[in-house]
Amino acid sequence: MRQNLDGMSIFFLILAICSGVGVYIMEGAGVWIEAISSAGGLLVQIGPIVIAAVMISGYVQTLVPNDKIEYWLGNDAGWRGLGIAIIAGAITPGGPFAAFPLVVALYRMGAAFEILVAYLTAWSVLGINRAMVWEVPFFGIEFVGLKMLVSLPLPIFAALMAKSLRRYVTASA
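Participant: Could you give an account of the packing of aromatic side chains, with specific residues and numbers?
Facilitator: With the rule as written, the count across this model stands at six aromatic pairs. The interplanar angle of 90° and the centroid separation of 6.0 Å between the aromatic rings of Tyr-24 and Trp-32 together place this pair among those described as edge-to-face. Here Tyr-24 falls in the partly exposed class, since its relative accessible area comes to 44%. Under the relative-accessibility criterion, Trp-32 is labelled partly exposed at 33%.

Participant: Tell me what's going on with the environment of Ile-141, and back it up with residues and numbers.
Facilitator: Among the secondary structure elements, Ile-141 is positioned in helix α8 (residues 141-151). According to the relative accessible area criterion, Ile-141 is exposed, its value standing at 53%. In this structure the C-alpha to C-alpha distance between Ile-141 and Ala-131, which are ten residues apart in sequence, comes to 9.2 Å.

Participant: Residues and numbers for the pattern of salt bridges, please.
Facilitator: Here the structure, examined in full by the defined rule, presents one salt bridge. Where Lys-147 meets Glu-135, a salt bridge forms, and the shortest distance between an N and an O atom there is 3.1 Å. With Lys-147 in helix α8 and Glu-135 in helix α7 (residues 128-139), the pair connects residues that are twelve residues apart, well separated along the chain. Exposure remark for Glu-135: the relative accessible area of 13% places this residue in the buried category.

Participant: A description of a nonpolar patch on the surface should follow, citing residues and the corresponding values.
Facilitator: On the surface, Leu-5, Ile-10, Leu-13, Ile-14, Ile-17, Val-21, Tyr-24, Ile-25, Met-26, Trp-32, Ile-33 and Ile-36 cluster together to form a nonpolar patch covering roughly 1200 Å² of accessible area. Those elements giving two or more residues to the nonpolar patch turn out to be α1 (7-27) and α2 (29-63). For the nonpolar patch, the element with the highest residue contribution is α1, accounting for eight residues. Relative to the assigned elements, Ile-14 resides in helix α1.

Cut-offs applied
Each chain has its residues counted from 1, following the order in which its sequence is written. Per-residue local features of the predicted model are confined to residues with pLDDT of at least 70, and side-chain atom pairs are confined, for both listing and counting, to 80 or more; whole-chain, interface and lining totals are unaffected and use all residues. For the side-chain quantities, the full set of heavy atoms in the structure was used; hydrogens and water were omitted. Each pair of aromatic rings taken from Phe, Tyr and Trp, with Trp reduced to its six-membered ring, is defined by centres within 6.5 Å and is described as stacked if the planes are under 30 degrees apart, edge-to-face if over 60, and tilted in the remaining cases. Relative accessibility decides the category of a residue: with a 1.4 Å probe and only protein chains considered, values under 20% of the type maximum give buried, values over 50% give exposed, and everything between is partly exposed. Helix and strand definitions follow DSSP, with helices as H or I runs of at least four residues and strands as E runs of at least two, each counted in order from the N terminus. One speaks of a salt bridge when a side-chain nitrogen belonging to Lys or Arg is within 4 Å of a carboxyl oxygen belonging to Asp or Glu. Without a salt bridge and with relative accessible area above 30%, a residue can belong to a patch; like charges are then joined within 9 Å and nonpolar side chains (Val, Leu, Ile, Met, Phe, Trp, Tyr) within 5 Å. Accessible areas in this description were obtained via Shrake-Rupley with a 1.4 Å probe; residue shielding takes into account the shown protein chains only.

Structure (structure tokens):
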């Protein structure tokens, strides 16, 4: 039987309950109800995104053979896998609710840890969608272009550091 709640989930569940009790005791029922209402609104807003992202990651796990993921993004993928991860990270739209389930699915299918670190780094610093929608209107194309240029090596650096640190941590364990 598969365990549905891991230790981290239980920890955050207990933290949420304690926080709710603390708000109720310190601020009263009115503020507690307002907080619950706000959380419900956020759940309604983010819930469909999380459900869609988890479904997509499930489809990826089902439709794409593990050996393909291992070939393109696995430990032996090298620069090819790193390039794919950087490009995919830069063009992936949405927030962490969209990117994180995909990373979990790819990791379970055999993608290399450092390649996924490169993907997440590229997603966070090179996000083209975010740049076009938010950064260019605020900062201008010259600023964003220069930011993208100086940020381009970061996913590579992050992947190399992740590989080195993981090797060190694994060797010392």
